[in-house]
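Structure at a glance
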Amino acid sequence: MTPPISSETVTAERIRTDRLTLNVLSVPGSSGEPVLFVHGNVSCSAFWRSTMISLGEGFQPYAVDLRGFGGSDPEPVDASRGVRDYSDDVLALLDHLGPVHLVGWSLGGGVVMQVLRDRPAAVRTLTLVNPVSPYGFGGTTGVDGVLNSPDGVGSGGGGANPEFVRLLREGDRSDGSPLSPRSVLRATYVAPGTDLGEEEDAFVESMLSTRIGDDHYPGDALPSEAWPNLAPGKRGVLNSIAPTNFRIDDLHEIDPKPPILWIRGDQDVIVSDTSLFDLAHLGAIGAVPGWDGTPAQPMVTQTRAVLERYGAYREMVVEGAGHGPHLDRPAEFRAALLAHLRG
């Protein structure tokens, strides 16, 4: 279910495009340059509501639910296209909104990079919030994203923890298991010890809006002869960011080049050079048996290398923030975002 929304602060509207119908949040009475927020995996637009309200005058904020999340149509995800099912949906929305400032978090960071790659003239500025690496999630080595194996072993739908998937499917709202959505939110979406206050319940409901299955989260998987013996499939969320399906290291070739702000938390354990969600790193620390020495994916280092080739970017590290600096350090995040939007 989608979390309740106060009609006095944020409203929801289902907008029909030529691809599907998208659930889009907006702030009544706001006006100015449009800013579109794109959420991450296992979440929805509700994670952006406080940020939207705090933008103030001069901007008109929107936040979209990607397909299979929140209140948007649960169309299947063809992961053989990388994230283009998602990014083409966003582009269809931009046919209604016009050029926007784009803000993408985690998976949404990959989506907005793809939008920028495919239609740069539609993007006024780009803000990446702890984005997935331009070489995908898992299965690569080195600054240039070299595949550990041609089949992308170590990435994709098979990498999701089955207990987390089960509790997500069952709608678990408790904190009784370390793998319940609420516990995962507290431990990995934000820095440990962060008090999310009254919004925590809404965030859990947002996570539970995720459609489960091979066409959505986590996606299908294939066996592999190489460690850790699972390779990405061609359907669903995690396969859309597998390195065999998603690679976007050519941003420097686009024209025009809008300015990019890259904001990341220094305590992020999801998108990291030592990610606790990377099977190679988990193998190195003994959490996944049979590790064969495959190095962890240097996700942050890879992103920096791609953005350095792009040129027009700035990196901001938020101290004490986890995977969602807009959640655990909202004042710092808002100040940096507004400065970037105002140019």
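Residues numbered from 1 in each chain as written. Predicted model: local features only at pLDDT ≥ 70, side-chain atom pairs only at ≥ 80, totals over all residues. Heavy atoms only, no water.

**Structural notes on the packing of helix H2 (residues 84–97) against helix H3 (residues 107–118)**
Their axes nearest at 9 Å, the elements H2 and H3 cross at an angle of 65 degrees. The way H2 lies across H3 gives a crossing that is right-handed. Counting all contacts with H2, which are made through Arg84, Tyr86, Ser87, Val90, Leu91 and Leu94, the residues of H3 involved are Leu107, Val111, Gln114, Val115 and Asp118. In the contact of H2 with H3, the residues fall into seven nonpolar, two polar and two charged. (Axes fitted to C-alpha atoms, helices over the stretch in contact; angles between N-to-C directions. Helix = DSSP H or I, 4+ residues; strand = E, 2+ residues; numbered from the N terminus. Left-handed = near helix turned anticlockwise from the far one by under 90°. Contact = heavy atoms within 4.5 Å. Nonpolar A, V, L, I, M, F, W, Y, C, P; charged D, E, K, R; others polar.)

**Observations concerning the packing of aromatic side chains**
A complete count under the given rule lists eight aromatic pairs for this structure. Aromatic pair Trp48 and Trp105: ring centres 6.3 Å apart, planes at 80 degrees, arrangement edge-to-face. Linking Trp48 in the loop between strand E3 (32–38) and helix H1 (49–54) with Trp105 in strand E5 (residues 100–105), this pair joins segments that are 57 residues apart in sequence. For Trp105, a relative accessible area of 1% translates into the label buried. Aromatic side chains Trp105 and Tyr189 sit 6.1 Å apart centroid to centroid with 80 degrees between the ring planes, which places their arrangement in the edge-to-face category. Of this pair, Trp105 sits in strand E5 while Tyr189 is found in helix H5 (residues 181–189), placing the two residues 84 residues apart along the sequence. Per residue, the accessibility class of Trp105 equals that of Tyr189, and both read buried. Here the basic side chain of Arg264 rests over the ring of Trp262, its NZ or CZ set 5.6 Å away from the ring centre. (Phe/Tyr/Trp six-rings, centres within 6.5 Å; stacked < 30°, edge-to-face > 60°. Buried < 20%, exposed > 50% of the residue type's maximum accessible area, 1.4 Å probe, protein only. Lys NZ or Arg CZ within 6 Å of the ring centre and 35° of its normal.)

**Quick word on the confidence of the model for the protein chain**
Residues at a pLDDT of 70 or more form 98% of the protein chain, whose mean pLDDT is 96. Taken together, the stretch residues 1–5 has pLDDT below 50 and engages in 17 contacts with residues farther than four places along the chain or on a different chain. (pLDDT = per-residue confidence, 0-100.)

**Regarding a nonpolar patch on the surface**
A contiguous nonpolar patch, built from Leu276, Phe277 and Ile285 and spanning about 280 Å² of accessible area, is present on the exposed surface. With respect to the helices, strands and loops of the structure, Phe277 is situated in the loop between strand E13 (260–265) and helix H8 (279–284). (Patch = residues over 30% accessible without salt bridge, like charges linked within 9 Å, V, L, I, M, F, W, Y side chains within 5 Å. Areas by Shrake-Rupley, 256 points an atom, 1.4 Å probe, with all protein chains shown as cover. Salt bridge = Lys/Arg side-chain N within 4 Å of Asp/Glu carboxyl O.)

**With respect to the sheet that holds strand E14 (residues 313–318)**
Judged by pairing direction, the sheet is mixed, and its eight strands sit side by side in the order E1-E2-E4-E3-E5-E6-E13-E14 without closing on themselves. The open sheet has two edge strands with one neighbour each: strand E1 (11–16) and E14. Averaged over all neighbouring strand pairs, the angle between strand axes comes to 25 degrees, with direction disregarded. Here E1 runs beside strand E2 (residues 21–26); their pairing, made up of six bridges, is antiparallel. Within E2, the residue paired with Arg14 across the bridge is Asn23. (Pairing = 2+ DSSP bridges.)

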